[in-house]
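The chain contents come next:
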Amino acid sequence: MGELPFDSDRKLMSTLHDIDEKFTIFTKGAPDVILDRVTHILDNGSVRKITDSDREKIKKQNAKYSGDGMRVLGYAYKNIQEERTLDFEDENDLTFIGLSAMTDPPRPESKEAVAKCIGAGIKPVMITGDHKVTAVAIAKEIGIFRDGDLAYEGAELDDISDDELIKLLPKISVYARVSPAHKIRIVELWQKAGKIVSMTGDGVNDILALKDADCSIAMASGSEAASHVAQLVLLDNDFNKMPAVVMEGRRVVNNIGRTASLYLVKNIFSMLLAVFSMLFLIDYPLEPSQVSLISVFTIGIPSFFLALEQNR
């Protein structure tokens, strides 16, 4: 009947329903945000005012689920008198219903992919809208978050200046509860620090950061807008292919440089031979067939082996 779509700033979503001729707004979202907006709680079928003890119990349960690497959602509702267009003020004075926790375990290959990226000199960073505890637990499991690393939430980033954050960047491996503006800031500060930044994303909230990154990568299963902005789209939606993509890119770039060097050496040799012939007024010492043979050995054969070189 009515809907307030989810967005990363509110971290909420609300819908309006007609249940037995009563209009009810149901809201779901981040548990900490839900708790800030509830005034009552549904307790064994009856509604009463929520207490500090209730809030503390809910927070502890949320922390327990998050510590196990689970994604947690909070649920609340509010009755209204009539059907109308919803606005953001309707997401206040809610009655708390409960929590749900779900797990989406990372693929076993993810840990290997992260290890290969680190071995290739790449620093993987997790940027997510999940709770910080959940994000850190998952990041530890796949090897992104290691001893000595730091994790920050978007709200904490707002209190840090750009100069301070640039100094912290090498130590931060997880960013949680972030908005699109935070993603852009992270990308731009890494670039300001002189680094080449690759951004992977699949949602509308990633578009601006994808656009700003030096190399933007989208998943084919994500939003169409993200795929249009990205420079590279993974058709099989498999992040584990990223190390192979990086290695192939490096091989191509390295081979371009090596091939250019081969041509440079051959051209310098030819130029010096021509200058020598002109200075001493002698015939060019090489026959056309000999020039072609030199090209085969200095450019043709090495280029053939470079083309067959395996990714490393």
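In this report, we go over the structure that sits alongside the text. Position numbers for residues count from 1 along each chain, tracking the sequence in the order it is written. Thresholds applied to this predicted model are a pLDDT of at least 70 for local features of residues and 80 or more for the giving and counting of side-chain atom pairs; totals over whole chains, interfaces and linings are not thresholded and use all residues. Note that the side-chain values use all heavy atoms of the structure and ignore hydrogens as well as water.

Another point: the overall build of the protein chain. If you tally the helices and strands in the protein chain, you get 11 helices and 13 strands. The size measure is the radius of gyration over C-alpha atoms, and the globule rule it meets is 2.2 Å times the number of residues to the 0.38 power. Relative to a compact globule of 312 residues, whose C-alpha radius of gyration would be 20 Å, the protein chain shows 29 Å and is clearly more extended. Expressed as lengths along the three principal axes of its C-alpha atoms, the size of the protein chain is roughly 105 × 40 × 35 Å. Throughout this description, buried means an accessible area under 20% of the type-specific maximum (1.4 Å probe, protein chains only), exposed means over 50%, and partly exposed covers the range between. When each of the 312 residues of the protein chain is scored for burial, the buried share is 37%. Any two residues having at least one pair of non-hydrogen atoms within 4.5 Å are treated as being in contact. Put simply, 52% of the contacts in the protein chain that link residues at least 6 apart link residues at least 24 apart. Accessible area of the protein chain: about 18500 Å², with a carbon and sulfur share of 57%. Note that His is not counted, nor are the chain ends; the positive residues are Lys and Arg, and the negative ones are Asp and Glu. Every charge is mapped onto a representative atom, which is NZ of Lys, CZ of Arg, CG of Asp or CD of Glu. Each charge class in the protein chain can be summarised by its mean position, and for the 36 positive and 46 negative side chains these summaries are 6 Å apart. Strands are runs of DSSP state E lasting at least 2 residues, helices are runs of H or I lasting at least 4, and numbering of each runs from the N terminus. Methods summary: accessible areas were calculated by the Shrake-Rupley approach with a probe of 1.4 Å, and residue burial reflects only the protein chains presented.

Here we come to the pairing of strand β3 (residues 22–29). Only strands that DSSP links by at least two bridges are regarded as paired with each other. As defined by bridge partners, strand β2 (residues 12–19) adjoins β3 across 8 bridges and the pair is classed as antiparallel. Residue pairing in the sheet places Thr15 in a bridge with Phe26 of β3. Adjacent in sequence and paired antiparallel, β2 and β3 are bridged by 2 residues, among which Asp20 carries a positive phi angle near 55 degrees. In the sheet, β3 pairs with strand β6 (residues 71–80) via 7 bridges, with the strands oriented antiparallel. Looking at the pairing, Thr24 lines up with Asn79 of β6.

Attention now moves to the environment of Thr51. Residue position: Thr51 is located in the loop between β5 (46–49) and α2 (52–67). Separated by 11 residues in the primary sequence, Thr51 and His40 have C-alpha atoms spaced 8.3 Å apart. The term polar contact refers here to a pair of N or O atoms within 3.5 Å; inside protein, the definition further demands a hydrogen-donor-capable atom paired with an acceptor-capable atom, and it admits residues adjacent in sequence only when both atoms are side-chain atoms. Among the polar contacts made by the side chain of Thr51, one reaches the side chain of Asp54 at a distance of 3.0 Å.

Now for a negative patch on the surface. Here the term patch refers to residues with relative accessible area over 30% and no salt bridge, with like charges joined within 9 Å and nonpolar side chains (Val, Leu, Ile, Met, Phe, Trp, Tyr) within 5 Å. Salt-bridge detection follows one rule: a side-chain nitrogen of Lys or Arg within 4 Å of a carboxyl oxygen of Asp or Glu. On the surface, a cluster of negative charge is made up of Asp18, Asp20, Glu21 and Glu83. When you line up the elements, Asp20 lands in the loop between β2 and β3. Residue classification places Asp20 among the exposed positions, given a relative accessible area of 69%.

Attention now goes to a nonpolar patch on the surface. Taken together, Leu264, Ile268, Met271, Leu272, Val275, Phe276, Met278, Leu279, Phe280 and Ile282 make up a surface patch of nonpolar side chains, about 1000 Å² in accessible area. Residue position: Ile268 is located in helix α10 (residues 242–279).

Let us now look at the pattern of salt bridges. Considering all chains together, one arrives at 12 salt bridges under this definition. One salt bridge connects Arg177 with Asp32, and the closest N-O pair in it is separated by 3.5 Å. Here Arg177 is found in the loop between β10 (172–176) and α7 (180–192), whereas its partner Asp32 is found in helix α1 (residues 31–37), with 145 residues between them in sequence. Residue Arg177 is classed as buried on the basis of its relative accessible area, which comes to 10%. The class for Asp32 is partly exposed, based on a relative accessible area of 32%. The partner of Asp43 in a salt bridge is Arg48, and the shortest N-O contact between them spans 3.0 Å. Assessed through its relative accessible area of 31%, Arg48 is described here as partly exposed. The structure contains a network of salt bridges with shared partners spanning Asp43, Arg48 and Asp54.

With that settled, consider the sheet that holds strand β9 (residues 150–153). Within the open sheet, the 3 strands sit side by side as β8-β10-β9. Their pairing is parallel. Each edge of the open sheet is held by one strand with a lone partner, namely β8 (126–127) and β9. When β8 meets β10, the two strands line up parallel, connected through 2 bridges. Paired with Ile127 across the two strands is Tyr175, which belongs to β10. Angles shown run from 0 to 180 degrees and are taken between the N-to-C directions of axes, each axis being a line fitted to C-alpha atoms and, for helices, limited to the stretch in contact. In the packing of helix α4 (residues 132–142) onto the sheet, the strands contacted are β8, β9 and β10, and the crossing angle to β10 comes to about 140 degrees.

So, on to the sheet that holds strand β7 (residues 94–102). Across the sheet, 7 strands lie side by side as β1-β2-β3-β6-β7-β4-β5; this open sheet has mixed pairing. Because the sheet does not close on itself, it has two edges, and the strands there are β1 (2–7) and β5. Neighbouring strand axes in the sheet, compared pairwise and without regard to direction, differ in orientation by 30 degrees on average.

With that settled, the discussion passes to unusual backbone geometry. Within the chain, Asp93 stands out as a residue other than glycine whose phi angle is a positive 55 degrees. On the secondary structure map, Asp93 appears in the loop between β6 and β7. A relative accessible area of 52% places Asp93 in the exposed class. You will see that Arg177, though not glycine, has its phi angle at about 50 degrees, which is positive.

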